[in-house]
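Commentary on secondary and tertiary structure
Residues per chain, in single letters:
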Amino acid sequence: MMVSCGLVGDCDRRRELDHVTQLDRGRLSVGLLALILLLCIALTAGAVPSWGVGYRKIDVQDPLTGESFPVALWYPTAAAPAPLFVTGSRSLSLCRLPAILCRWIAFEMPVAHDAPPAAGDFGLIVVSHGAGGFALLHRDLAIVLASQGYAVAAPTHPRGKDNDISGVSVWIGRPKQVSRVIDAVLEDGQLGSHIGHERVGVVGHSNGGYTALAVAGAKPSTDAIAAHCRQHPDDARFCALGGASTREVTREVGDIPDLRDRRVRSLVLMAPNAARFTDDALAKVGVPVRVYAAENDDLTRVRYHAERLARVLPQAECVVVKGAGHFSFVASFPPALKIVAGEGARDPDGFDRDAFHEVMNREIVGFFNRTLVPGGDPLTNDARPRSCRPR
């Protein structure tokens, strides 16, 4: 910097001021550099790691019948993804037709097929579908969870009677199948060593919600659903199905055993079937639960299922999704399969299923991140509303 001097004293003072200004600029530069460095460290520490997603299928033996059923596995991997087309059949077979045709009749997933798992320790989430469903119905959630450090196992539950809603295979078989799936993943030669045994959660939709509650310690009761239908004759659609289910299971097994799996530490329920439990049974669920309910659900109505869970479960948070229907929690179907899926592929007018899933899937990852860590964030009665929040 050039210094123009008049009197000798003025020149000395200007040189002194110039020196001070240069020092201040230096300090400012160092300070800004330090601030930027601290921000980078903070952002890196708070960033959520993201992996590629591997996919493969395994077969697991049904503990009731001894027959095998397929389980879809998604998990973190370092391998690059590619489009994979899996059919909606219960065998989870691959579509071998040209991609332009497979996109119409099969479920497309951007995954690394049969890739090795990434290095690291992961949580495990088991996803239980609703009546008449299969393993791929919540594949979008599974892919998001796997990209954020979870192994996800989705069984195609063996079919029950009366449109897959009744009989021992549903009331007792489904929870036992979930436990057997957990065994299988923990014993898996590739994935087992990566799974944190204290980080196991379950997601369940509709009858899958029943399954998750039973695995978490709520003992089912045939008397409970019969009492519900006597007290609430307006719940006509549910009770038309539930009455047959109750009569069938009463004839076959009578009292239902305790189906708890103590490895399960957290639940997410979507439009759950809660009428198979008494209040006392639900009060024994000692894990955090996040409940999603659909405003326009006429099968598992909010006031009889989700709202009841919000009141009775010791640790629960509940959200009613405005405009949603019972099947809005299922991922979208390929174009040709929408006709076959019927009601399962339809939403109430004006509801955007894909946009909703983008939000819900992120929320579920956040919920499991909070509740499936040592000393995680338990939900307490004092810290939550006793009813479902609309959104």
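What you see is a predicted model, and the numbers here were worked out from it, not measured in a lab. Note that residues are indexed from 1 along each chain, following the sequence as it is written. Predicted model: local features are reported for residues with pLDDT of at least 70 only, side-chain atom pairs are reported and counted for 80 or more only, and whole-chain, interface and lining totals are derived from all residues. For the side-chain quantities, the full set of heavy atoms in the structure was used; hydrogens and water were omitted.

**So, the overall build of the protein chain**
Basically, it comes down to this: Working definition: helices are DSSP H or I runs of at least four residues, strands are E runs of at least two. Numbering for both runs from the N terminus. Here, residues are in contact when the closest pair of their heavy atoms is within 4.5 Å.
Across its full length, the protein chain holds 12 helices and 11 strands. For the protein chain, the proportion of contacts with a sequence separation of at least 24, taken over those separated by at least 6, is 77%.

**Some details on the environment of Ala212**
For Ala212, the location among the structural elements is in helix α6 (residues 207–215). On a C-alpha basis, the gap between Ala212 and Val178 in space is 8.4 Å, while along the polypeptide they are 34 residues apart. Sequence-distant contacts of Ala212, that is, excluding residues within four places in its chain, are made with Val202, Leu267 and Leu269.

**Section: the pattern of salt bridges**
This is how it is decided: Put simply, a salt bridge is a Lys or Arg side-chain nitrogen that is within 4 Å of an Asp or Glu carboxyl oxygen. Three exposure classes are used, based on accessible area relative to the maximum for each residue type with a 1.4 Å probe and protein chains only: buried under 20%, partly exposed in between, and exposed over 50%.
Evaluated as defined, the whole model comprises 18 salt bridges. Here Arg290 and Glu363 are joined by a salt bridge, their closest N and O atoms 3.3 Å apart. With Arg290 in strand β9 (residues 289–294) and Glu363 in helix α12 (residues 353–371), this residue pair connects regions lying 73 residues apart in the sequence. The exposure class assigned to Arg290 is buried, which follows from its relative accessible area of 8%. Residues participating in the shared-partner salt-bridge network are Arg180, Asp183, Glu187, Asp261 and Arg263.

**Some details on the nonpolar core**
Rule in force here: We call a set of buried residues a nonpolar core when its members are Ala, Val, Leu, Ile, Met, Phe, Trp, Tyr or Cys and they connect through side-chain atoms within 4.5 Å of each other.
Formed by 64 residues in total, the largest nonpolar core has its most connected members in Leu213, Leu267 and Val289. When residues of this core are assigned to their parent elements, the largest contribution, 10 residues, is made by helix α5 (residues 168–187). Those residues in contact with Val289, other than ones at most four positions away along the chain, are Leu267, Leu269, Leu313, Gln315, Ala316, Glu317, Phe367 and Leu379. In terms of nonpolar packing, the next biggest core, distinct from the first, is built from 47 residues, Val111, Phe134, Leu136 and Val319 among them.

**Comments concerning the sheet that holds strand β5 (residues 122–128)**
Neighbouring strands of a sheet are bound in pairs by backbone hydrogen bonds; such pairs are parallel or else antiparallel. Put simply, the rule reads: Here, any two strands with at least 2 DSSP bridges between them count as paired.
If you trace the 11 strands from one edge of the open sheet to the other, you get β3-β4-β1-β2-β6-β5-β7-β8-β9-β10-β11, paired in mixed fashion. Edge positions in the open sheet fall to β3 (82–86) and β11 (389–390), since each of these has one partner strand only. Both β9 and strand β10 (residues 316–321) contribute to a ladder of six bridges, which runs parallel. Its bridge partner being in β10, Val289 is matched across the sheet by Ala316.

**Observations regarding the packing of helix α3 (residues 139–147) against α12**
Put simply, the test is: Angles here are taken between N-to-C directions and fall from 0 to 180 degrees, while the axes themselves are lines fitted to C-alpha atoms, restricted in helices to the stretch in contact. In what follows, roughly perpendicular refers to angles from 65 to 115 degrees, roughly parallel to angles under 35, roughly antiparallel to angles over 145, and oblique to any angle outside these ranges. By convention the crossing between two helices is left-handed if the near helix lies anticlockwise of the far one by an angle smaller than a right angle, and right-handed if it lies clockwise. When residues are grouped by polarity, Ala, Val, Leu, Ile, Met, Phe, Trp, Tyr, Cys and Pro land in nonpolar, Asp, Glu, Lys and Arg in charged, and all others, Gly among them, in polar.
The N-to-C vectors of α3 and α12 enclose an angle of 45°; their axes lie 10 Å apart at closest approach. Here α3 is positioned oblique relative to α12, judged by the angle of their axes. The element α3 and its partner α12 pack so that their crossing is right-handed. Here α3 contributes Asp140, Leu141, Val144 and Leu145 to the contact with α12, which in turn contributes His357, Asn361, Ile364, Val365 and Phe368. Class assignment for the residues of the contact of α3 with α12 results in six nonpolar, two polar and one charged.

**Let's talk about the state of the cysteines**
Test applied: Defined by distance alone, a disulfide is two cysteine sulfur atoms within 2.5 Å.
Counted under the stated rule, the structure contains three disulfides. What pairs with Cys95 in a disulfide is Cys102, and their sulfur atoms sit 2.1 Å apart. Here the disulfide of Cys95 and Cys102 is left-handed, its torsion about the S-S bond being about -85°. Grouping residues by exposure puts Cys95 and Cys102 together as buried. For Cys229, the disulfide goes to Cys239, at an S-S distance of 2.2 Å. Here the S-S torsion is close to -95°, and the disulfide linking Cys229 with Cys239 is therefore left-handed. One end of the pair, Cys229, is in helix α7 (residues 222–231); the other, Cys239, is in helix α8 (residues 236–252), and 10 residues separate them in sequence. Taken as a pair, Cys229 and Cys239 share a single burial class, namely buried.

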